[in-house]
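Here are the chains, one letter per residue:
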Amino acid sequence: MSQPMVTIELNPRERRLYDRLRERVVEPSPNARTGWRDLLLLLPDLTILLVRLMRDRRVPLLDKGIAIAGVAYVVSPLDVLPAMLVGPIGLLDDLFIVSACLSRLINHVHPDVVRGHWSGQGDALEVVQSTTQWFERELSLRVADLARVLGRRARADRGRFR
């Protein structure tokens, strides 16, 4: 089953500002490997991708609502991990929310539409997938560690009350 061909029409004025700013930080090169500058721009790249998908008429209304929620979380001063208190680690929750929103959108929007709005290095789908896999792996490890600690504490408490 083949998917229908999608025509990508990018508004040059829309892309101009962010892409120009990004080019000042990282020289665009199709064969270049991802470097530390690309990692610094991961959250802005993913947020801009959400904004562009939110404005695209080919994206379903429900998915636009999810994109709005993701962008609102990033720009909101209220965070689970406030960057003012924990520094750059405080951006991880923003990155998680944006990645989760994009993961949902990627499953409901044609991949070429997503790729057409991507400003970052490499393939947008691979970047989002690797980011969400990293969060899933790290969160599952942290949840497993927490369950193990709570299990030990519960066993110790039962032993004291016997």
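Now for a description of the structure that goes with this document.

## A few points about the overall build of the chain
Move 1: Each helix and strand in the chain was counted, giving 8 helices and 0 strands.
Move 2: Each helix (α) and strand (β) of the chain, taken in turn from the N terminus, gives the series α-α-α-α-α-α-α-α.
Move 3: For the chain, buried positions account for 33% of its 162 residues.
Move 4: Counting contacts in the chain only where the partners sit at least 6 residues apart, residues at least 24 apart contribute 69% of the total.
Move 5: Of the roughly 11,300 Å² of accessible surface on the chain, a fraction of 61% belongs to carbon and sulfur atoms.

## Details of the nonpolar core
Move 1: In terms of nonpolar packing, the biggest core is built from 25 residues, with Leu46, Leu49, Leu50, Leu53, Val98, Leu102 and Val114 touching the most fellow members.
Move 2: Sequence-distant contacts of Leu49, that is, excluding residues within four places in its chain, are made with Leu102, Val114, His117, Trp118 and Ala124.

## Re the side chain of Ser119
Move 1: Relative to the assigned elements, Ser119 resides in the loop between helix H7 (111–116) and helix H8 (124–160).
Move 2: We classify Ser119 as buried; its relative accessible area is 14%.
Move 3: Separated by 2.7 Å, the side chains of Ser119 and Arg52 make a polar contact.

## Focus on helix H6 (residues 92–106)
Move 1: Across its 15 residues, H6 extends 20 Å between first and last C-alpha, which sits within 8% of the 21 Å expected from 1.5 Å per residue.
Move 2: Looking at H6, one finds that the buried residues are Asp93, Asp94, Leu95, Val98, Ser99, Cys101, Leu102, Leu105 and Ile106.

## Remarks on the environment of Arg104
Move 1: Examined against the element boundaries, Arg104 turns out to sit in helix H6.
Move 2: Measuring from C-alpha to C-alpha, the distance between Arg104 and Ala67 comes to 9.3 Å, with 37 residues separating the pair along the chain.
Move 3: Among residues more than four places away in sequence, those in contact with Arg104 are Leu62, Asp63 and Ile66.

## What to know about helix H4 (residues 61–75)
Move 1: Taking 1.5 Å per residue as the helical rise, H4 with its 15 residues ought to reach 21 Å, and the 21 Å between its terminal C-alpha atoms agrees with that figure.
Move 2: Among the residues of H4, those classed as buried are Asp63, Lys64, Ala67, Gly70, Val71, Tyr73 and Val74.
Move 3: The inward-facing, buried residues of H4 abut helix H3 (42–55) and H6.

Quick notes on the rules
Starting afresh in each chain, residues are numbered from 1 along the sequence in its written order. Given that this is a predicted model, residues contribute local features only at a pLDDT of at least 70 and side-chain atom pairs are listed and counted only at 80 or more, while totals for whole chains, interfaces and linings are drawn from all residues. Side-chain numbers come from the whole structure's heavy atoms, not from hydrogens or water. Numbering of helices and strands starts at the N terminus; helices are DSSP runs of H or I of at least 4 residues and strands are runs of E of at least 2. Only protein chains enter the accessibility calculation, which uses a 1.4 Å probe; a residue whose area is less than 20% of its type maximum is buried, one above 50% is exposed, and one in between is partly exposed. Contacts are assigned to residue pairs that have any heavy atoms within 4.5 Å of one another. Accessible areas in this description were obtained via Shrake-Rupley with a 1.4 Å probe; residue shielding takes into account the shown protein chains only. We define the nonpolar core as a collection of buried residues of types Ala, Val, Leu, Ile, Met, Phe, Trp, Tyr and Cys that are connected through side-chain atoms lying within 4.5 Å of one another. In protein, a polar contact requires one atom able to donate a hydrogen and another able to accept it; more generally it is a pair of N or O atoms within 3.5 Å, and residues adjacent in sequence count only if both atoms are side-chain atoms. For a helix, the expected span equals 1.5 Å multiplied by the residue count minus one.

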